[in-house]
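The residues making up each chain are set out below.
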Amino acid sequence: MSGTLPTDGLVVVVKRDCPTCTTIVPALEALAADGITIYSQDDPAFPESMDGVNDDRELETSYHLGINIVPTLIRLKDGKEVDRAIGWNQGEWRALTGISDLGEGLPENRPGCGSLTEEPGAEYRLKARYGNTGLNARKVAIPHDADPVEACYERGWTDGMPVTPPTEERVLRMLDGTNRAPDEEIGLLPPNFMPCTVEKIAINAVMAGCLPEYMPVVITMVEASLIQEFNLHGNLATTNAVGPVVMVNGPIADKIGMNKKKNVFGQGNRAHAAIGRTLQLLVRNVGGGIPGEIDRAVFGNPGKYSFCFAEDDTDPRWTTYAEDQGFSRDASTVTLFPGDGVTPIIDHISREPEDLCQTYINSLLATYNRWQVNEVGAFLVIGGEHQQVFYNAGWSKQQVLAYLDERLKIRVGDVVPGRSGWGGLTEEERADPDRLLPKFRTGKLNIIRAGGAAGKYSAIISGIGSAGMMPVTKEIAP
Amino acid sequence: MSPDQILLDPTSEISPEKKPKIDRPVKLDGLTVGLLDINKPRGDEFLDRIEELLSEKGICVNRYKKERFSRVAAPELRSQIAEECQVAIEALAD
């Protein structure tokens, strides 16, 4: 039993594991005559010499009294705290109790020990159990002997992989990663256009495996996904293979341990796995976008579990994607673009930028299909050794892009009526066989850097490129 | 007995409301049919033919077009179709 706090009188919170608490037992014994109420955090049999010690192993009273250090002596009057002594200080205890010879023979000062309420994780556990959490989500009770991971599967809350069960304790810890209020509404998530609050984001972030420090990225990612130009509804509902690809720029990428180098699009990085996954879980759980239902993808792609990475900005010779969009190199940003899988470009031989560009052109022209000029966009990801080819020749990224754009053309006369490509041409275009159309005429070719330093590779992340579904970039509020 | 474990609901906490489909008309006589082109290539060819066939039977046809196929139809367009037509056909024909 935790016992009831007196309205008036002295209360002390102790634990056996604290040397100061064991040292001051004679002082506690001296206060017994005044009816001191004792709460023990770790052992209700401590101090053995005293009767009626209250068991506070659940830490309910310690939590409500806001104990940080044991021993802590408190005087209550009319149910309110009027004085408090933290640790042991003979003078303070004598003043608080009014007993002038209290603790005679004891050391004058001992600092005390950390309260068990300060143990790692206890703060959130206790707040969930005893505090005012400020959370509004419906509480779902799972029988004590049920496996909570399986319970999440049964309720249709997962993407097929196990989720971390969203307990109040975990959600409170996640919310500590942001100063945004839990009830703040970020926007309406498609396809059902349901309100998405910071609290719902935190719940799904817990399930996805996020750490609290990812929250600024996660919230900005959700905000970016709701920018109209990105068209999250189109991304999730299309028959195309695309899903939202999340690219992080700026200092926060290193701060949360993201990967820009080896295996950048692969497994093994928690932030990559969890951040992109959070958006997909939100679309599923809050938005109601269920694969095979409103999500009509013919193939989808494995990145729809999570496709998240950081752009490699370590070499200052090239601008970053975010800089190209007008953000400062020091700003942390989240970029979202519709993307499918990773198509590798292999060129171990070219050492001149023109030769390497020709390899890129051959690969890029084939994106979607050789003759498609509409609704096609791509991010060309230049790997470490290929970057060196351009650096060595003194080419800027803008030069590479201009060189590619100039040559990524399709001649109308080469497009055959009745085959793919023809349907996307206007009558005027069809009439002029020598006309050259840009490969990415409704979308855009973008260049970014990422990947390991060894190996002569680049990659294409293709995706719908159209006025209806555009990449968007949003700065993470400092 | 140990207490239940508490999880927080990650969903929008709504229960879908099932509405019965409105009765399908047995005949199109006297009704207005709305043809919605979602703006994908060649959808217009298909709808032109449908319009031709309906018009031959003396059925009134209204044509509508979405701004982009990848975006949800604007609420104004949806309510305009609902106001002006009793039947709607939405076409996709890549």
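It should be emphasised that the depicted structure is a prediction, and the values quoted were computed from it without experimental measurement.

Student: I'm lost on the overall build of chain A in this one. Help?
Tutor: Across its full length, chain A carries 17 helices and 22 strands. A compact globule built from 478 residues should have a C-alpha radius of gyration of about 23 Å, whereas chain A, at 31 Å, is more than 25% larger. When its C-alpha atoms are laid out on the principal axes, chain A stretches across 105 × 50 × 35 Å. Relative to its 478 residues, chain A shows a buried fraction of 45%.

Student: Looking at this model, I keep getting lost on the nonpolar core. Mind explaining?
Tutor: The nonpolar side chains of a soluble globular protein tend to be buried, and buried together. Residue and element names in this part refer to chain A. By size, the foremost hydrophobic cluster in this structure holds 91 residues, and its most contacted members are V218 and V246. The residues contacting V246, other than those within four sequence positions of it, are M221, I275, G276, L279, F307, C308, V334 and L336. Within the second largest apolar cluster, 24 residues are counted, among which are V13, V14, A27 and L102.

Student: What am I meant to see in the sheet that holds strand β6 (residues 80-86) of chain A here?
Tutor: Within a beta sheet, neighbouring strands are joined by backbone hydrogen bonds and run either parallel or antiparallel to one another. All names here are of chain A. The strand order β3-β2-β1-β5-β6 describes an open sheet built from five strands, whose pairing is mixed. Strands with a single pairing partner mark the edges of an open sheet, and in this sheet they are β3 (54-55) and β6. By the bridge criterion, four bridges tie strand β1 (residues 9-14) to strand β2 (residues 37-40) in an arrangement that is parallel. Paired with V14 across the bridge in β2 is S40. The sheet contacts of helix α4 (residues 90-97) involve β1, β5 (72-77) and β6, and relative to β6 the element is tilted by about 160 degrees.

Student: Explanation requested: the domain arrangement of chain A in the structure shown.
Tutor: How large an interface is tends to be reported as the accessible area lost when its parts come together. Domain boundaries in chain A define domain 1 (9-119) and domain 2 (150-475). One C-alpha centre belongs to domain 1 of chain A, the other to domain 2 of chain A, and the line joining them spans 58 Å.

Student: Explain the sheet that holds strand β22 (residues 472-475) of chain A to me, please; I cannot follow it from the model alone.
Tutor: All names here are of chain A. Taken in spatial order, the four strands make up an open sheet running β14-β13-β15-β22, and their pairing is mixed. On the outer flanks of this sheet lie β14 (308-310) and β22, each paired with one strand and no other. Pairs of neighbouring strands in the sheet enclose a mean axial angle of 20 degrees, with direction left out of account. Here strand β13 (residues 243-249) runs beside strand β15 (residues 333-339); their pairing, made up of seven bridges, is antiparallel. Residue pairing for β15: V246 is matched across the bridge by L336. Together, β13, β15 and β22 form the strand contacts of helix α9 (residues 215-225), whose direction differs from that of β15 by roughly 50 degrees.

Student: Teacher, can you tell me more about α9(A) here?
Tutor: Because the α-helix completes a turn every 3.6 residues, residues three or four places apart line up on one side. Among the 11 residues of α9(A), 10 are classified as buried, and the element is accordingly described as predominantly covered. Listing the buried residues of α9(A) in full gives A:M215, A:P216, A:V217, A:V218, A:I219, A:T220, A:M221, A:V222, A:A224 and A:S225.

Student: I would appreciate a short explanation of the environment of A:V171 in the present structure.
Tutor: Following the sequence through the fold, A:V171 ends up in helix α7 (residues 168-175). For A:V171, the residues in contact, after removing those within four places along its chain, are A:L135, A:P166, A:A202, A:I203, A:V206 and B:L8.

Student: When you look at the interface of chain A and chain B in this model, what are you seeing that I'm missing?
Tutor: Contacts between the two partners involve 37 residues from chain A and, on the opposite side, 19 residues from chain B. Contributing elements (two or more residues each) for the side of chain A that touches chain B: β10 (139-142), α6 (148-154), α7, α8 (198-208), α10 (232-237) and α12 (270-287) of chain A. Of the residues contributing to the side of chain A that touches chain B, the split by class is 19 nonpolar, 14 polar and four charged. Two strands pair when backbone bridges link them, and β10(A) and strand β1 (residues 5-8) of chain B are joined in this way by four bridges, in the antiparallel orientation. Looking at the pairing, A:I142 lines up with B:Q5 of β1(B).

Student: In this structure, what is going on with unusual backbone geometry? I would like to understand it.
Tutor: Excluding glycine, most residues fall at negative phi; most peptide bonds, likewise, are trans. Cis peptide bonds are those with omega within 30 degrees of zero, and the linkage from A:F46 to A:P47 qualifies with -5 degrees. Here A:P47 lies in the loop between β2 and β3. In this structure, A:P71 follows A:V70 across a cis peptide bond, with omega equal to -5 degrees. Among the structural elements, A:P71 can be located in the loop between β4 (69-70) and β5. Phi angles above zero are rare outside glycine, and A:L59 is one such case at about 70 degrees. Along the chain, the position of A:L59 falls in the loop between β3 and α3 (60-65). Given 23 C-beta atoms within 10 Å, A:L59 falls into the buried group. Located in the positive-phi region is B:N39, a residue other than glycine, with phi close to 80 degrees. Assignment of secondary structure puts B:N39 in the loop between β2 (32-37) and α1 (43-56).

Student: Could you clarify how one ought to interpret the packing of helix α14 (residues 353-365) of chain A against helix α16 (residues 397-407) of chain A in this entry?
Tutor: Geometry of a packed helix pair, given as the angle between the helix axes and the separation of the axes. All names here are of chain A. For the pair α14 and α16, the least separation of the axes is 10 Å and the interaxial angle reads 50 degrees. One element, α14, and the other, α16, form an angle in the oblique class. The way α14 lies across α16 gives a crossing that is right-handed. Contacts between α14 and α16 pair C357, Y360 and I361 from the former with V400, Y403, L404 and R407 from the latter. Among the residues forming the contact of α14 with α16, the class breakdown is six nonpolar, no polar and one charged.

Student: Which parts of the structure should I look at to understand the pairing of β15(A)?
Tutor: Residue and element names in this part refer to chain A. The buried count for β15 comes to seven of seven residues, which makes it a mostly enclosed element. Burial of the side chains of β15 extends over both faces: T333, T335, F337 and G339 are buried on one face and V334, L336 and P338 on the other. With four bridges connecting them, β15 and β22 associate as antiparallel partners. By the bridge assignment, T335 is partnered in β22 with T473.

What counts, and where the lines are drawn
- The numbers attached to residues start from 1 for each chain and follow its sequence in the written order.
- For this description, chains carry letters from A and ligands carry numbers from 1, given in the order in which they are written.
- Only residues with pLDDT of 70 or above have their local features reported here, since the model is predicted, and side-chain atom pairs are shown and tallied only from 80 upward, although totals for entire chains, interfaces and linings are computed over all residues.
- Working definition: helices are DSSP H or I runs of at least four residues, strands are E runs of at least two. Numbering for both runs from the N terminus.
- C-alpha atoms define the radius of gyration in this analysis, and the globule rule sets the expected value at 2.2 Å times the number of residues to the power 0.38.
- Here exposure depends only on C-beta density: within 10 Å of a residue's C-beta, 20 or more other C-beta atoms make it buried, 12 or fewer make it exposed, and intermediate numbers make it partly exposed, the C-beta atoms being placed from the backbone.
- Note on definitions: a nonpolar core is a set of buried residues drawn from Ala, Val, Leu, Ile, Met, Phe, Trp, Tyr and Cys, linked by C-beta atoms within 7 Å.
- Once C-beta atoms are placed from the backbone, any two residues with those atoms within 7 Å are in contact.
- Here, any two strands with at least 2 DSSP bridges between them count as paired.
- Every angle, taken between N-to-C directions, lies between 0 and 180 degrees, and every axis is a line fitted to C-alpha atoms, over only the stretch in contact when it is a helix.
- How far each domain reaches was decided by an automatic or database domain assignment.
- Throughout this entry, Asp, Glu, Lys and Arg are counted as charged residues, while Ala, Val, Leu, Ile, Met, Phe, Trp, Tyr, Cys and Pro are counted as nonpolar. The remaining residues, Gly among them, count as polar.
- The labels follow the angle: roughly parallel below 35 degrees, roughly antiparallel above 145, roughly perpendicular from 65 to 115, and oblique for the rest.
- Note on convention: near helix rotated counterclockwise from far helix by under a right angle means a left-handed crossing. Clockwise means right-handed.

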